[in-house]
Amino acid sequence: MTSPPPTSLASRSPEPRPLTGARERPTRRDAIVIADQARIRRDLSLLRPGDELAVDLRTLTNRRLDLVFDRTRQINRLRASCWRSSPRWSGPSA
């Protein structure tokens, strides 16, 4: 049994996010919030591929992705180094 789509998200309290810093994959709820904001806000404008703002946004997004990949690589190297020095090491306990 499915519930009807929400008519107003303002009356709903947001679900708490995990405090670990991990981000979940985008969910249906995220899509609803984004669509609702795009519909309600009047200060949003269309981004065209050649616009300076779109280029800056793409550059910043790509830079963030590079930083995430670098961080993941460093963590994996650290784990490998710890494992090589002590094969019984299984990582931090949860």
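**Student:** Break down the overall build of the protein for me, with residues and values.
**Tutor:** Of regular secondary structure, the protein possesses 2 helices and 0 strands. Out of the 94 residues belonging to the protein, those deemed buried represent 4%. Carbon and sulfur atoms make up 57% of the accessible area of the protein, which totals about 9300 Å².

**Student:** Tell me about the pattern of salt bridges, and name the residues and values.
**Tutor:** All chains considered together, the criterion is met by 3 salt bridges. Between aspartate 43 and arginine 41 there is a salt bridge, with the nearest N and O atoms lying 2.8 Å from each other. Arginine 73 is the salt-bridge partner of aspartate 70, the closest N and O atoms lying 2.4 Å from each other. Pair noted here: aspartate 70 and arginine 73 are both in helix α2 (residues 52–85), with a separation of 3 residues, about one helical turn. Accessibility expressed as a relative area gives 41% for arginine 73, which makes it partly exposed.

**Student:** Kindly report on a nonpolar patch on the surface, identifying the contributing residues and their values.
**Tutor:** Together, Leu47, Leu53 and Leu57 make up a nonpolar patch on the protein surface, roughly 290 Å² of accessible area in all. In this fold, leucine 53 is placed in helix α2.

Rules used in this analysis
Residues numbered from 1 in each chain as written. Predicted model: local features only at pLDDT ≥ 70, side-chain atom pairs only at ≥ 80, totals over all residues. Heavy atoms only, no water. Helix = DSSP H or I, 4+ residues; strand = E, 2+ residues; numbered from the N terminus. Buried < 20%, exposed > 50% of the residue type's maximum accessible area, 1.4 Å probe, protein only. Areas by Shrake-Rupley, 256 points an atom, 1.4 Å probe, with all protein chains shown as cover. Salt bridge = Lys/Arg side-chain N within 4 Å of Asp/Glu carboxyl O. Patch = residues over 30% accessible without salt bridge, like charges linked within 9 Å, V, L, I, M, F, W, Y side chains within 5 Å.

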